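Structural characterization, general
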Amino acid sequence: MLNILDLLGTIGGSILGLPGILGTGLGMMTRNWFVAAGLGGLIGLLSPMVLGGSHSTHVPITLTEYAVSISVGIIAGLLGCAIRHKGATV
Amino acid sequence: MSDKENTPRPGLLRRLWRAFWSPSGVLSTGFLLIAGFICGILFWGGFHWSLELTNTEEFCTSCHTMETNLGEYRETVHYNNHSGVRAICSDCHVPHEWQYKMKAKIMAVKDVYHEVLGTISTPEKYEERRLEMAAAVWKKMKASDSRECRNCHAFEYMDFTIQETRAADNHQRAIDEGMTCIDCHQGIAHDLPPGYLEEYEHVVEELAGEVRYRGEEDLAGIRSYLGTAAD
């Protein structure tokens, strides 16, 4: 139960963090689905590197955190791209 | 009669959906950008403000089940001390880093769920679950290298010359052996249940099996310390 909550928390943290928000924003900048997914995935990869861990401890970022962050980034990028397709003519 | 007149009027939700995705004929791009920016600030500010409200001691202890924790915490140095500097619930249980803070908030939904279910609603039920709850927190703290403790306490800035000899010795040993705060400081704010040392050892072993987060981690050292403390 706690492990599921842990995973849900990691996903929620990514959605409300850089991968979710910037991923959507970057996805909205292009009509190309692959570029959007790539940009979102890149943010998902960079986000734990830049913002992960903490200033006071030396705990490496886990593979799960990376996987969740990249997945959320890709989905957010695609969502942003869908918004662009639906809401813009350019 | 034209086809347009024969077409039934779409429902409210469909009309709202269409209006949402239609280009604005009356608002300029600049207006939309500025309005969107201001709305963004208001929304984010409101979200963050609400989130900070859930970090207050009043919020944390507003549930009936938190009364036991509160009573125990009030007897500790983190609540009342000579300097007046305090650590409230969120200082120890909610990370400062955004993504981990969000994770903690999402995971805290289980507290509301168990409050509603009444899982620890009586002193007997609370005591029955105390070890399990403590172990969950220890696991989190051990896995994060006591991140929340280290927001205030840092080995780097400890003056061992003004610490008690025993504390200074053990802190220097902790540095040498790569130990973390929770390895020794269980029960710093809440009462310890019987069998806590065995349970903590179990937590350490479980985590050592899952992840090795520090090269210098010395499980045997922690075990020996726990053994010594138990004696």
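Residues numbered from 1 in each chain as written. Chains lettered and ligands numbered in written order. Predicted model: local features only at pLDDT ≥ 70, side-chain atom pairs only at ≥ 80, totals over all residues. Heavy atoms only, no water.

1. What to know about the overall build of chain A
- The helix and strand tally for chain A stands at four helices and zero strands.
- Traced from its N-terminal end to its C-terminal end, chain A shows the element sequence α-α-α-α.
- Overall, chain A is about 45 × 30 × 15 Å in size when its C-alpha atoms are taken along their principal axes.
- When the accessible area of chain A is evaluated, it comes to approximately 4900 Å², of which 76% is carbon and sulfur surface. (Helix = DSSP H or I, 4+ residues; strand = E, 2+ residues; numbered from the N terminus. Areas by Shrake-Rupley, 256 points an atom, 1.4 Å probe, with all protein chains shown as cover.)

2. Structural notes on the packing of aromatic side chains
Residue and element names in this part refer to chain B.
- Enumeration according to the criterion identifies eight aromatic pairs over all chains in this entry.
- Consider the rings of Phe-20 and Trp-21, whose centres lie 5.0 Å apart with planes at 90°: the pair is edge-to-face.
- The exposure class assigned to Trp-21 is partly exposed, which follows from its relative accessible area of 22%.
- By way of ring pairs, the aromatic residues Phe-43, Trp-44, Phe-47 and Trp-98 are connected into one cluster. (Phe/Tyr/Trp six-rings, centres within 6.5 Å; stacked < 30°, edge-to-face > 60°. Buried < 20%, exposed > 50% of the residue type's maximum accessible area, 1.4 Å probe, protein only.)

3. Here's the deal with the packing of helix 3 (residues 29–53) of chain B against helix 7 (residues 98–107) of chain B
Residues and elements named next belong to chain B.
- Following both chains from N to C, one finds helix 3 and helix 7 inclined at 60°, their axes separated by 12 Å at the closest point. In terms of their interaxial angle, helix 3 and helix 7 are classed as oblique. Crossing of helix 3 over helix 7 shows left-handed handedness. Of helix 7, the residues touching helix 3 (which contributes Trp-44, Phe-47, His-48, Leu-51 and Glu-52) are Trp-98, Lys-101, Met-102 and Lys-105.
- A per-class count over the contact of helix 3 with helix 7 returns five nonpolar, one polar and three charged. (Axes fitted to C-alpha atoms, helices over the stretch in contact; angles between N-to-C directions. Parallel < 35°, antiparallel > 145°, perpendicular 65-115°, else oblique. Left-handed = near helix turned anticlockwise from the far one by under 90°. Contact = heavy atoms within 4.5 Å. Nonpolar A, V, L, I, M, F, W, Y, C, P; charged D, E, K, R; others polar.)

4. Digging into the interface of chain A and chain B
- Each partner contributes residues to the interface: chain A has 26 residues there, and chain B has 22 residues.
- The contact between chain A and chain B buries some 2000 Å² in all, and 67% of this surface belongs to carbon and sulfur atoms.
- Looking only at chain A, the three residues that lose the most surface to chain B are Leu-5, Leu-16 and Lys-86 of chain A, adding up to 23% of its buried area.
- Counting every contact that joins chain A to chain B gives one salt bridge.
- The interface formed by chain A and chain B includes five residue pairs in polar contact (both at pLDDT 80 or more).
- Elements with a contribution of two residues or more to the side of chain A that touches chain B: helix 1 (2–15) and helix 4 (63–87) of chain A.
- Of the residues that constitute the side of chain A that touches chain B, the class distribution is ten nonpolar, 13 polar and three charged. (Buried area = accessible area lost by both parts, 1.4 Å probe. Salt bridge = Lys/Arg side-chain N within 4 Å of Asp/Glu carboxyl O. Polar contact = N/O pair within 3.5 Å; in protein donor to acceptor, adjacent residues only side chain to side chain.)

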